[in-house]
Amino acid sequence: MVAFCGWDMPVEYAGITREHVAVRQSAGLFDVSHMGELEVAGKDALAAVQMLCSNDAARLQPGQAQYTALLTEQGTFVDDLVLYRLRSDHFLLVVNAANVVQDYNAIAERLTGYGDVVVMDASSRYALLSVQGPAAGRIVQPLTGVDLSAVEHYTFAHGEFANVRGTISRTGYTGEDGFEIFVPPQQADRVWQALMQSGGDDLEPCGLGARDTLRLEAGLRLYGSDIDLTTTALEAGLGWIVDWNKPDFVGAAALRAQKATGVSRKLAGFELLEPGIARQGCDVYVKGSTAGKVTSGTQTPTLKKSIGMAYLPASSTSEGSEFEVDIRGRRVRARVVPMPFYKRGNGEPRVASPEK
Amino acid sequence: MNYPSTLKYTKDHEWLDVAGDTGRIGITDYAQKQLGDVVYVELPAVGTKITQGQSFGTIESVKAVSELFAPVSGEVVDVNATVKSKPEVVNGDPHASWLIAVRLTKPDEARALLDASQYGDLVK
């Protein structure tokens, strides 16, 4: 167990590789109750969310969700989050555990004098269990009357799960199909047990370690590592969650300016061409000069490669560009590869060919 | 886990298997469990001199990087190529997966190491 943002969380149960492979091949169960939940409600809730978040919330019908971000005026990340439209005038923001207070304060400040809207920290009302992997639907369906085949990617529904009332969304952080189930904390244990029983040998309890290797393979950014208050949405390659046509939002002006001039650095995916793991904080060298830092890195259990993400000068981020990473004093060669490193459902994982 | 009585152990969770004037060095079952899936080991070349208690390499799992500490002083005479190419064998059979072999320069050091029951108590 490790301390994580005030929570005691398991790094692993049976082992990171075993848990990781289970999610890719059958299913894994994660207790992600540490995630924060903020609610924004009121007659002006949509306008408020449009002002607060980078993506276009008006595209959401009640029952739909989207990946979006809270930005600073500079276009850097206060947080990245999943926005759920519960009702036309009621939104749920699922945010990073470490950022609940930062997010709440930023939102509350921006809503000062705003109109008919309120923000609430509802984190203590929700436990969150995540079932991820190709077998997820088969495992969850027997426990609920909700027809999961009707719950499409990035939509959600309310119902009962192991006789516990809650909400299920087809979302996750692993690159696999999967479901996240919001239930009251007092009853989370019962739902966990029911899921484990339903899953049998096909369901492996998973910890933070596998969550990190899975999300990294899927090219998903991690707040605090790949994105933070110093990196903009464009530098992070998350321009796709910025809607340029919607009403103005916090950070829009800075991002428009950056888009016009072009970014000087970009988050790139890479693989190592020599053994080792390039971990967060390792210095990156392009043509012998220090040029950035690794933000995430691991040996991937699925691809059996050492992969990672790093901020590089934009001119050095084209596919196949080579650079070096300093791993404890050893210069290791690396090469830019497209993200995601792993993509489900199209046969072979998408990676560049290995070079010996 | 059974800690073989033929091996000597350190508080840093390495083992030493002495035969004549040479000894093989590995990490214990306790150490591999703490590390989890081992994916990389960095070991000294043959001929390198190592000193008791000092780092002689690193072992890396998905979860963490850990220094390897020399149980005895000596000169490296052999490096286990299998462990270098398939680091996961350390998880499978830690007490058989030696990392390096050294010629002991201070054989008395080995006698002062923990025996299996002392080490077993340490990690209980």
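As the structure is a prediction and not an experimental result, all values here were calculated from the model.

A. Layout of the overall build of chain B. If you tally the helices and strands in chain B, you get five helices and nine strands. Start at the N end of chain B and walk to the C end: the helices and strands fall as β-β-β-α-β-β-β-β-β-α-α-β-α-α. Whereas a compact globule of 124 residues would reach a radius of gyration of roughly 14 Å, chain B reaches 13 Å, a difference of no more than 12%. Seen through its principal axes, chain B has C-alpha atoms that stretch 35 × 35 × 20 Å. When the 124 residues of chain B are sorted by exposure, 43% land in the buried category. Long-range contacts, defined here as pairs at least 24 residues apart, represent 63% of the contacts in chain B between residues at least 6 apart.

B. Seen up close, the sheet that holds strand β4 (residues 38–42) of chain B. All names here are of chain B. A sheet is described by the order of its strands in space; here three strands give the open sequence β4-β6-β7, paired in antiparallel fashion. The two strands at the open ends of the sheet, each matched to only one other strand, are β4 and β7 (65–69). Across this sheet, the average inter-strand angle for adjacent strands is 25°, counted without regard to direction. Here five bridges tie strand β6 (residues 55–61) to β7, and the two strands are oriented antiparallel to one another. Of the residues in β7, the one forming a bridge with Gly57 is Leu68.

C. Examining the packing of helix α1 (residues 16–25) of chain A against helix α6 (residues 208–217) of chain A more closely. Residue and element names in this part refer to chain A. Interaxial distance between α1 and α6 falls to 8 Å at its minimum, and their mutual angle equals 55°. Between α1 and α6, the angle falls in the class oblique. When you trace α1 past α6, the crossing you get is right-handed. Contact residues: α1 offers Ile16, Glu19, His20 and Val23, while α6 offers Gly209, Ala210, Thr213 and Leu214. Here the contact of α1 with α6 is composed, by residue class, of four nonpolar, three polar and one charged.

D. Expanded view of the pairing of strand β7 (residues 90–95) of chain A. Residue and element names in this part refer to chain A. Among the six residues in β7, five count as buried, and that is most of the element. Direction of pairing for strand β4 (residues 36–41) relative to β7: antiparallel, over a ladder of six bridges. Bridge pairing in β7 places Gly36 opposite Val95. Examined bridge by bridge, strand β6 (residues 77–87) and β7 share five bridges and lie antiparallel to one another. What sits directly across from Arg87, in β7, is His90. Connecting β6 to the antiparallel partner β7 that follows it, the hairpin turn spans two residues.

E. Here's a closer look at the nonpolar core. All names here are of chain A. In this structure, Leu83 and Leu129 are the most contacted members of the largest nonpolar core, which totals 125 residues. Examining the composition of this core, we find that six residues originate from one element, β6, more than from any other. Beyond its immediate stretch of four places on either side in the chain, Leu129 contacts Leu29, Asp31, Ile181, Val183, Ala188, Val191, Trp192 and Leu195.

Calculation notes
- Residues numbered from 1 in each chain as written.
- Chains lettered and ligands numbered in written order.
- Predicted model: local features only at pLDDT ≥ 70, side-chain atom pairs only at ≥ 80, totals over all residues.
- Helix = DSSP H or I, 4+ residues; strand = E, 2+ residues; numbered from the N terminus.
- Rg over C-alpha atoms; globule rule 2.2 N^0.38 Å.
- Buried ≥ 20, exposed ≤ 12 C-beta atoms within 10 Å, placed from the backbone.
- Contact = placed C-beta atoms within 7 Å.
- Pairing = 2+ DSSP bridges.
- Axes fitted to C-alpha atoms, helices over the stretch in contact; angles between N-to-C directions.
- Parallel < 35°, antiparallel > 145°, perpendicular 65-115°, else oblique.
- Left-handed = near helix turned anticlockwise from the far one by under 90°.
- Nonpolar A, V, L, I, M, F, W, Y, C, P; charged D, E, K, R; others polar.
- Core = buried A, V, L, I, M, F, W, Y, C linked by C-beta atoms within 7 Å.

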